[in-house]
There are 2 protein chains.
Amino acid sequence: MIYQFADRIGTLAPSAIREILKVTQNPNVISFAAGNPAAESFPAKEMAEISADLLANKYASALQYGISEGYVPLRAQLTERLRTKHATGTENDDLLIVSGGQQGIEMTAKILCNAGDTVVCEAPSFVGALNAFRSYGLKLKGIPVCEDGIDTEALEEYLKQDNRVRLLYVIPTFQNPTGITTSLAKRKRLIELAEQYDFLILEDSPYFELRYSGKVVPTIKSLDTTGRVIFVGSFSKIIAPGIRVGYVIADKQIISKLTVAKQVSDVHTNLFFQMVISEYMNRYDLDAHIEKIRAFYVVKRDAMLAAAKKYLPAEVTCGKPDGGLFIWCTMPNGANTMDFCGMASKRMVAAVPGASFAADESEISPSFRLNFSLPTEEQINKGMQILGEAAADYLAELKKAGK
Amino acid sequence: MIYQFADRIGTLAPSAIREILKVTQNPNVISFAAGNPAAESFPAKEMAEISADLLANKYASALQYGISEGYVPLRAQLTERLRTKHATGTENDDLLIVSGGQQGIEMTAKILCNAGDTVVCEAPSFVGALNAFRSYGLKLKGIPVCEDGIDTEALEEYLKQDNRVRLLYVIPTFQNPTGITTSLAKRKRLIELAEQYDFLILEDSPYFELRYSGKVVPTIKSLDTTGRVIFVGSFSKIIAPGIRVGYVIADKQIISKLTVAKQVSDVHTNLFFQMVISEYMNRYDLDAHIEKIRAFYVVKRDAMLAAAKKYLPAEVTCGKPDGGLFIWCTMPNGANTMDFCGMASKRMVAAVPGASFAADESEISPSFRLNFSLPTEEQINKGMQILGEAAADYLAELKKAGK
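Residues numbered from 1 in each chain as written. Chains lettered and ligands numbered in written order. Predicted model: local features only at pLDDT ≥ 70, side-chain atom pairs only at ≥ 80, totals over all residues. Heavy atoms only, no water.

(A) Quick peek at the overall build of chain A. Helices and strands together make up the secondary structure of chain A, namely 15 helices and 14 strands. In terms of C-alpha radius of gyration, chain A reaches 21 Å, essentially the compact-globule figure of 22 Å for 403 residues. Taken over the C-alpha atoms alone, chain A extends approximately 65 × 55 × 50 Å along its principal axes. Of all 403 residues assigned to chain A, the portion counted as buried reaches 61%. Within chain A, contacts between residues separated by at least 24 positions form 78% of all contacts whose residues are at least 6 apart in sequence. Of the roughly 15000 Å² of accessible surface on chain A, 51% is carried by carbon and sulfur atoms. (Helix = DSSP H or I, 4+ residues; strand = E, 2+ residues; numbered from the N terminus. Rg over C-alpha atoms; globule rule 2.2 N^0.38 Å. Buried < 20%, exposed > 50% of the residue type's maximum accessible area, 1.4 Å probe, protein only. Contact = heavy atoms within 4.5 Å. Areas by Shrake-Rupley, 256 points an atom, 1.4 Å probe, with all protein chains shown as cover.)

Structure (structure tokens):
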């Protein structure tokens, strides 16, 4: 039988990168390709204690249907935490619990954008979000990312010529994949542009509490006075990703529509782990826990940066992210990291080619993304050595081919 | 700020019924309005034991990201169970774990239907599904349900005049809200019609294992030889709903597209509870557990049927469902149960007016839905007495008004 699928889904195919990433299922492969936090960062013991309590004493509510908005105490705790600690969220705003940040992104596209509308994003950007936009038949326009964030001049040039831009999608803090943090000046500029050209900003910030160096930059949402910013956060990197709990803060009107979308999507986020997180925040110090994760990851970041300096050919440049999970490396022009990462995967090291993060999937990218949160220090050293050798071989071949 | 939302979401408003259901937050109200299973049906002790094990010994995987398709052992167990126990699923099929049956319905609409396509459903039908279809701008056409299922003659009449029907949405076993089970003959007829008029059937079956009387009728999916049936099942009523775990079985091509939709929607269903269910099926006898739930619910169903006979005015007729969670009652023509249920809620008993289940929300319905799984037997008796008095008063008023 030949099925006819909806127009919106027709262009969404499993990506070419899947083949490269398949090697990561082999336990002998050193993977720098993941976006996973380290299991050592999960507060498993505390979660076990709370889970046992809930299943003994509160199972009748913890396992029952909940409301679509989310577990009321958790929403209150989060609202309070974000306001006091990050100046994020106002009296006009509301907070919705979602099944991971990804759901916040997908539902934002669903409630705001008609097929054919444009979503502007950073180039490169997070492929999960790009695919969510694609799944609603939206036009994607990538604007290059500079050292201090998206190129706001190029962005304005584009805005002048496309009046169907509904949404700007940015990951301003420790961006995925580049690790870059958007400067305060540019954050302010983005809000001005949103006002002037009448679009909304979707601020995706799954890593913003994982800073290892440099000064805190306020969230774009905290600079927003007119309700143009939708902030998506997540517990995936500060508690655990497998439990699928994130949140969205935005103007009440937007949250109201998102709640309707949430209701038809999965009714509500699994209530048990909403209660676990809420109780974790009651019994323990979430900030102290995040502090421990940062101390754990900064060592890995530094190990990977040192190994990159030691083992990668001088022609390969690497970013120095102040936080997050990724280091972005760029080979000289002419390099195609789809080929290079394919070569590396045969040598049992996995990295993600830059093309996977492009709004235009057919783009050839000289960059690749490395993850340092999941591998051990030993794996980082061994893997970077192999990757360095592969890079030298690849670049030599490239030179030989006269590219 | 005035926001402009996507066309698809514009018509989706919080329903009028919300006001009536708000009274159920009052603990003094006896609610027959829920769709919740009883907490006594949750295997909480066993789940506590397994959760403790997982969090002590397997937390590194149970709390980590999983694959979009679902936890591999659970998929294998479910595939095996459905094939051997329900003859449901073939070699051409695949199985996807979803975050509750609702997500299976929403994603099916997303991958199969363009705005303006028609979804035919039973009239009345499950409002959560209807809203999922509405959220993609789909046209809903309700076809009346008879004692033995949807009116297949009226359905064919409609199919002759609308060539944009992509999907027939049915809850063939212990339907929500009517409790009706579609006969084997009609199930076969639906497949013939799907072949003849080229549409797919979405078989939503959250209650099919909760039979209290009568003979098992095969799933529509088990009668399907050409891949036209998508079967959605759920653990909400046989394990617990708050954990949000369901599944979809369909042809591999359809599951492949659903998996892409799943990936952009919430990446994967919370892995921890997929593992809990899988381990539950390893350590315990799920069928024996379901048997216990049935023994528990049949008493409640019979109590409610007896109370309905005893307390409701003779003009109110009630269905006698062979399973599920609901009893469907119908007042004489001219009655508007939006008014009646409003009156009952003031007397501290909540029931759901039939209009909530209509494809056309402005429809006036003489019917209402009662849930028997959640209230205690004592609540059933007391609540039905109050409801009977309210019904008598309402019908007297109606007669007085000459309707």
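(B) Fine view of the relation of the copies chain B and chain A. Note on the copies: chain B fits chain A at an RMSD of 0.0 Å, the axial shift is 0.0 Å, and the rotation between them is 180°. Taken together, the rotation angle and the small translation identify this as a two-fold axis. Considering only C-alpha atoms, the part of chain B nearest the rotation axis is Ala52(B), at 3.4 Å. (Least-squares fit on C-alpha atoms with pLDDT ≥ 70 in both.)

(C) Structural context of the pattern of salt bridges. In total, this model carries 46 salt bridges over all chains according to the counting rule given. Residues Arg283(A) and Asp53(A) are paired through a salt bridge, measuring 2.6 Å at the closest nitrogen-oxygen approach. One end of the pair, Arg283(A), is in helix H12 (residues 271-283); the other, Asp53(A), is in helix H3 (residues 44-57), with 230 residues separating them in the sequence. The partner of Glu279(B) in a salt bridge is Arg283(B), and the shortest N-O contact between them spans 2.9 Å. Here Glu279(B) and its partner Arg283(B) are both found in helix H12 (residues 271-283), 4 residues apart, which amounts to about one turn of the helix. A residue is classified by how much of its surface remains accessible, and Glu279(B), at 22% relative accessible area, is partly exposed. (Salt bridge = Lys/Arg side-chain N within 4 Å of Asp/Glu carboxyl O.)

(D) Representation of helix H9 (residues 184-197) of chain B. Between its first and last C-alpha, H9(B) extends 20 Å over 14 residues, near the 20 Å set by a 1.5 Å rise per residue. Phi for Asp198(B), located one or two positions after H9(B), is positive at around 55°. (Expected span 1.5 Å × (residues − 1).)

(E) Looking closely at the packing of helix H8 (residues 152-161) of chain B against H9(B). Residue and element names in this part refer to chain B. One can describe the packing of H8 onto H9 by two numbers: an axis separation of 11 Å at closest approach and a directional angle of 5°. When the axes of H8 and H9 are compared, the pair comes out roughly parallel. Of the residues in H9, those touching H8 at Thr152, Leu155, Glu156, Leu159 and Lys160 are Lys186, Arg189, Leu190, Leu193, Gln196 and Tyr197. Class assignment for the residues of the contact of H8 with H9 results in 5 nonpolar, 2 polar and 4 charged. (Axes fitted to C-alpha atoms, helices over the stretch in contact; angles between N-to-C directions. Parallel < 35°, antiparallel > 145°, perpendicular 65-115°, else oblique. Nonpolar A, V, L, I, M, F, W, Y, C, P; charged D, E, K, R; others polar.)

(F) Focus on the environment of Met281(B). All names here are of chain B. Position of Met281 relative to the elements: it lies in helix H12. Spatially, the C-alpha atom of Met281 lies 50 Å from that of Gly334, the residues being 53 residues apart in sequence. Sequence-distant contacts of Met281, defined by excluding residues within four places in its chain, comprise Leu74, Gln77, Arg81 and Leu286.

(G) Geometry of the sheet that holds strand E14 (residues 367-371) of chain B. All names here are of chain B. Spatially, E10-E11-E14-E13 is the arrangement adopted by the 4 strands of the open sheet, whose pairing is antiparallel. The strands lining the two open edges of the sheet, one partner per strand, are strand E10 (317-318) and strand E13 (352-353). Note that E13 and E14 share 2 bridges and pair antiparallel. Directly across from Pro353, in E14, lies its bridge partner Phe368. (Pairing = 2+ DSSP bridges.)

(H) Here's a closer look at the interface of chain B and chain A. Contact residues are listed per partner, giving 73 residues for chain B and 73 residues for chain A. For the chain B face of the interface with chain A, the top three residues by lost area are Tyr3(B), Leu63(B) and Tyr65(B), together amounting to 11%. Counting the contacts that link chain B with chain A gives 2 salt bridges. A salt bridge links Lys110(B) to Glu106(A); the shortest N-O distance between them is 2.7 Å. (Buried area = accessible area lost by both parts, 1.4 Å probe.)

(I) View of the side chain of Asn131(A). Note that Asn131(A) resides in helix H7 (residues 127-134). Not counting chain neighbours up to four residues away, the residues in contact with Asn131(A) comprise Leu12(A), Glu361(A) and Val264(B).

(J) How the structure looks around H12(B). The first and last C-alpha atoms of H12(B) sit 18 Å apart over 13 residues, in line with the 18 Å expected at 1.5 Å per residue. For H12(B), a buried count of 10 out of 13 residues is recorded, marking the element as mostly surrounded by other parts of the structure. Along H12(B), the positions that sit buried rather than exposed are Leu271(B), Phe272(B), Phe273(B), Gln274(B), Met275(B), Val276(B), Ile277(B), Ser278(B), Tyr280(B) and Met281(B). Buried positions along H12(B) lie against H12 of chain A together with helix H3 (44-57), helix H4 (59-62), helix H5 (72-86), strand E2 (93-98) and helix H13 (286-311) of chain B.

(K) Expanded view of the sheet that holds strand E3 (residues 118-123) of chain B. All names here are of chain B. With mixed pairing, the 8 strands of this open sheet are ordered in space as E2-E9-E8-E7-E6-E3-E4-E5. Strand pairing shows two members of the sheet lacking a second neighbour, E2 and strand E5 (149-150), which therefore form its edges. Sheet topology places strand E7 (residues 200-204) next to strand E8 (residues 229-234); 4 bridges connect them, and they run parallel. For Glu203, the partnering residue across the bridge sits in E8 and is Phe231.

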